[in-house]
Each structure stands twice: as C-alpha cells, then as structure tokens.
Amino acid sequence: MRLLIEKAKAKINLTLDVKYKRSDGYHEVEMIMQTVDLYDRLVFQERERDEIVLTCNMPYIPLDDRNLVYRAAELIKREFAIHKGIHVHIEKKIPVAAGLAGGSSDAAATLRGLNQLWQLGATYEELENVGASIGSDVPFCIRGGTAVARGRGEILEHLPIQPNFWVILAKLPISVSTAEVYRKLNIQSIADHPSAIGMIHALKSGDIQQISGCLGNVLESVTFEMHPEVAVLKNQFLKFGAPGVLMSGSGPTVFAITDREAKAVRIYHAIRGYSRDVFLTRCW
Ligand SMILES: C[C@](O)(CO)[C@H](O)COP(=O)(O)OP(=O)(O)OC[C@H]1O[C@@H](n2ccc(N)nc2=O)[C@H](O)[C@@H]1O
Ligand SMILES: Nc1ncnc2c1ncn2[C@@H]1O[C@H](COP(=O)(O)OP(=O)(O)OP(=O)(O)O)[C@@H](O)[C@H]1O
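Going along each chain's sequence as written, the residues are numbered from 1 onward. Chains and ligands are labelled by the order in which they are written, letters from A for the one and numbers from 1 for the other. Predicted model: local features are reported for residues with pLDDT of at least 70 only, side-chain atom pairs are reported and counted for 80 or more only, and whole-chain, interface and lining totals are derived from all residues. The side-chain figures draw on all heavy atoms in the structure; neither hydrogens nor water molecules are used.

Take unusual backbone geometry next. The step from glycine 251 to proline 252 runs through a cis peptide bond, and the omega angle for that step is 5 degrees. Secondary structure elements follow DSSP: runs of H or I of four or more residues count as helices, runs of E of two or more count as strands, with numbering from the N terminus. Mapped onto the secondary structure, proline 252 falls in the loop between β9 (244–247) and β10 (254–258). Positive phi is not limited to glycine here, since alanine 81 has a value of about 50 degrees. Positionally, alanine 81 belongs in the loop between α1 (68–79) and β4 (85–91). Three labels apply to residues, based on accessible area from a 1.4 Å probe with only protein chains included: buried if under 20% of the type maximum, exposed if over 50%, partly exposed otherwise in between. The exposed category is assigned to alanine 81, whose relative accessible area is 54%. Residues other than glycine seldom take positive phi values, yet glutamine 119 does so here, at roughly 45 degrees. With respect to the secondary-structure elements, glutamine 119 resides in the loop between α2 (102–117) and α3 (124–132).

Structure representation (structure tokens):
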C-alpha cells in the first residue's frame, strides 16, 4: 500500500478588497494572497476497501463529509471514476476557523496528493477548477505562493515574486463566521479600498515600509465591531513596533510583518503575553 505526505500551507491576505455583492450571493473580491510557512501535514495511505477514512490529531475536527479533506477526496474519486480507498491522517498545526484557510489548504493538499498517488495526470488548472467547488480559497491553495485572486477568489493571477519577510501570526480563542462577516459588510461605507496594483509594486520593490503601507483588508472593521478584542490585538502589535499589521481574511488572526529577524523574534515574544496561539513564520 502506497504512502504519500503533503504539506498544506496557511495563507494570509496582504490586501482584501470587495467590489460589489453578486447576484449569486458571493462578493466580488480582489485580493493579494500569500502562503506562509505554517502548515498542516497530511499523510495519505491507500486502503483495501473503497472508502474514505480520516483521522486527525485534533479531537474536535469533524472526520466525515463536513471535513473539506473528505469532500476533496470524494470529489476527485467521482471526477476521475476512482474505485480505491484512502486513509488520510491530518496533523493540524494551522489554527482552525482563523482566517488562514486551514481547511481549504487541507482540501487543496488532498487534491494534489491524490492526483499524485493515483497518477491522474491532472494539471494545476484542473485541480483549481475542482477545488473551486469546495470553497473560494481552495484554488489559490493548490499552488500557493503569491497571487492576485479575483471573482469570488477562484480567478487567479500567479505572481512571479518571492517576498522575503517575517510574518508573526496571532489568533485569539474566538471563532469568526466568514459568511456572517461578508453579510455584515456595508460596501457603500468602505472609505479606503486597498490597491492590489500598489501592493504588487511594493512587493516587487521589496521595501518593507512600502509593503506595510499597502496592507489593507475591508473586512477588518466588520470583525473589529463584532470582536473588539481583535482590534486591541492589532494595536498591541503596532505598539511593539511592527511596521505593518493586518487582520487576515475574515479573521480573527492578526499578522505583523517585518524584514528584520531580531525584530520578528522580539514581537513574537511580546505578543505571546496577549494571545495563546502565536506563530513566527516567513512567507515563501
Ligand atoms: C475571507 C477569505 O478567506 C479571504 O481569502 C475568503 O474570501 C473566504 O473564502 P472561503 O472561506 O473559502 O469561503 P467559502 O467557503 O467559499 O464561502 C463561505 C461564505 O463566505 C461568503 N463569501 C465567500 C467568498 C466570497 N468571495 N464572497 C462571499 O460572500 C459566502 O457567504 C459563503 O457562503
Ligand atoms: N480539514 C479541516 N481543517 C480545519 N477545519 C475544517 C477542516 N474541514 C472542515 N473544517 C471546518 O471548517 C471550519 C472553518 O475552518 P478553517 O480552519 O478552514 O477556517 P478558516 O481558516 O477561517 O478558513 P478561511 O480563511 O478559508 O475562511 C471549521 O469550523 C472546521 O470545523
């Protein structure tokens, strides 16, 4: 029985803008997405029986078709008419319901992993298309890196840039519903739309001050209103001297960026006094 291991990396949104609400209920977005070096590990092992079996190191993660890994495996089996069984062990490190696309990245890793294990020969574009039916963040997570995401998040423009800075992530022990945050967003009241083009120029320049100045997420104010402690956490990061601080996705994770290792380590230790889930990582 063959065995395969895949990393499922977390993402942050360096910019997140919402253009309008669509007739299908989703929001038309423009975002700069970035993977960071914080990842879940997925171990795939073939089974004798035609069944999908999940196990996980975290007790409260559902192991049935509510898990995005299960849905990804089911989809790929159906799409490619595969009648084989699979056991996926999910070793979670990415905090759950954090705005870091943990479940989406696990689903993307499942599509990549099973494509390889069962030698299906699907291209990244094909996997991104399959992934779009699981969730809006899944297509980006197939390739990761740095990309502009438009549409509801599934239309991707991959950028040939390798940003080089430290990312300190902090997540408070609260859950935020992405659907609720989008629902509560008042698009007319958005005063400051972040510029994806501006961020691309800044990333190309590599200048951390310029990159920091271009960070922006229109969902921040919605989540801050629902959970003021997330705004307090952002202010703590700023007090500790982080050049750029932003909430990721619909939250509640807040991240800080810096190009100096000593500063990253200092901020990491300082913010641990305010939040239990803190990670010192890099973008890749
Ligand atoms: C906030 C982000 O994580 C930023 O990357 C994404 O926009 C959300 O991605 P996701 O969690 O994969 O979202 P999905 O699972 O597709 O959708 C969850 C819910 O969020 C809302 N949603 C999501 C994406 C989008 N462009 N517009 C929306 O209005 C919809 O109500 C949807 O029912
Ligand atoms: N493999 C998985 N890992 C984590 N959560 C999962 C998984 N599959 C399904 N879920 C469920 O999905 C919900 C959201 O979890 P997830 O960690 O994906 O959120 P998120 O980081 O906010 O995602 P996004 O940034 O895409 O909005 C949780 O309630 C969890 O129970």
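Residues Ile52, Leu54 and Cys56 line the buried face of strand β3 (residues 52–56), whereas the alternating positions Val53 and Thr55 sit on a face that is not buried. The pairing of β3 with β4 spans 5 bridges and is parallel. The residue bridging threonine 55 from the neighbouring strand is histidine 89, located in β4. With α1 bridging β3 and its parallel neighbour β4, the resulting β-α-β unit is left-handed. A pair of strands is considered paired only if DSSP assigns at least 2 bridges between the two. Call a crossover right-handed when, viewed with both strands pointing away from you, the route from the first strand across the helix to the second goes clockwise.

Counting 73 residues, the largest nonpolar core has Val18, Ile86, Leu111, Ile168 and Phe237 as the members making the most contacts within it. Split by domain, this core shows at least three residues from each of two domains, domain 1 (3–158) and domain 2 (166–282). Pairs of residues are marked as contacts when any of their non-hydrogen atoms sit within 4.5 Å. Among all residues touching phenylalanine 237, those that are not within four sequence positions of it are Ile168, Ala170, Ala242, Val245, Val254, Phe255, Ala256, Ile267 and Ile271. Among the buried residues, those of types Ala, Val, Leu, Ile, Met, Phe, Trp, Tyr and Cys that are joined through side-chain atoms within 4.5 Å form a nonpolar core. Marked domain ranges trace back to an automatic or database domain assignment.

Near ligand 1, the surroundings consist of 19 residues, among which Asn13, His27, Ser136, Asp137 and Tyr182 are the closest. The side chain of asparagine 13 places a nitrogen or oxygen atom 3.0 Å from an oxygen atom of ligand 1. One of the side-chain nitrogen or oxygen atoms of aspartate 137 is found 2.6 Å away from an oxygen atom of ligand 1. We get accessible surface area from the Shrake-Rupley algorithm with a probe of 1.4 Å; when it comes to residues, only the shown protein chains can shield them. Protein chains bury 80% of the 640 Å² of accessible surface belonging to ligand 1 in isolation. At 4 residues, strand β2 (residues 27–47) tops the list of elements feeding residues into the shell around ligand 1. Think of it as three bins: nonpolar holds Ala, Val, Leu, Ile, Met, Phe, Trp, Tyr, Cys and Pro, charged holds Asp, Glu, Lys and Arg, and polar takes everything else, Gly as well. Its residues assigned to classes, the shell around ligand 1 comprises 7 nonpolar, 9 polar and 3 charged. Here the shell around ligand 1 gathers at least three residues from each of two domains, domain 1 (3–158) and domain 2 (166–282). Throughout, near means a residue has at least one heavy atom within 4 Å of the molecule or strand. Any pair of N or O atoms that falls within 3.5 Å is considered a polar contact. Within protein, one atom must be able to donate a hydrogen and the other to accept it, and sequence-neighbouring residues count only if both atoms are side-chain atoms.

Our next topic: the site of ligand 2. Every one of the 20 residues lining ligand 2 counts as a neighbour, but Ala97, Gly99, Ala101, Gly103 and Asp137 are closest to it. In this structure, glycine 102 approaches ligand 2 through a main-chain N or O atom, which is 3.5 Å from an oxygen atom. Here ligand 2 loses 78% of its free accessible area of 620 Å² to cover by the protein chains. Listing elements by their share of the shell around ligand 2, those giving two or more residues are α1 and α2. Of all the elements, α2 adds the most residues to the shell around ligand 2, at 4 residues.

Along the polypeptide, serine 212 turns up in helix α7 (residues 208–214). Expressed as a C-alpha distance, the spacing of serine 212 and alanine 10, which sit 202 residues apart in the sequence, is 20 Å. Not counting the four nearest positions on each side in its chain, serine 212 is found in contact with Pro243, Gly244 and Ile257. Only 2.7 Å separates the side chain of serine 212 from the backbone oxygen of isoleucine 208, close enough to count as a polar contact.

With that out of the way, let us pick up the environment of leucine 215. On the secondary structure map, leucine 215 appears in the loop between α7 and β8 (216–217). Taking the C-alpha atoms as reference, leucine 215 lies 36 Å from leucine 63; in sequence the two are 152 residues apart. Look past the residues within four positions of leucine 215 in its chain and what remains in contact with it is Leu14, Met199, Gly244, Val245, Leu246, Phe255 and Ile257.

Each assigned domain of the protein chain is listed with its residue range as follows: domain 1 (3–158) and domain 2 (166–282). Using only C-alpha atoms to locate each centre, domain 1 and domain 2 end up separated by 23 Å. Across the boundary between the two partners, domain 1 contributes 27 residues, which contact 34 residues of domain 2. Summing both partners gives a buried area of about 2,300 Å² for domain 1 against domain 2, and 68% of it is carried by carbon and sulfur. Values labelled buried area give the accessible surface lost by two parts on being combined, using a 1.4 Å probe and summing over both. Summed over the three residues of domain 1 that lose the most area to domain 2, namely Leu14, Leu16 and Val18, the buried surface amounts to 23% of that side. Should a side-chain nitrogen of Lys or Arg be within 4 Å of a carboxyl oxygen of Asp or Glu, the pair is scored as a salt bridge. Between domain 1 and domain 2 we count 0 salt bridges in total. For the pair domain 1 and domain 2, the interface holds 10 residue pairs in polar contact (both at pLDDT 80 or more).

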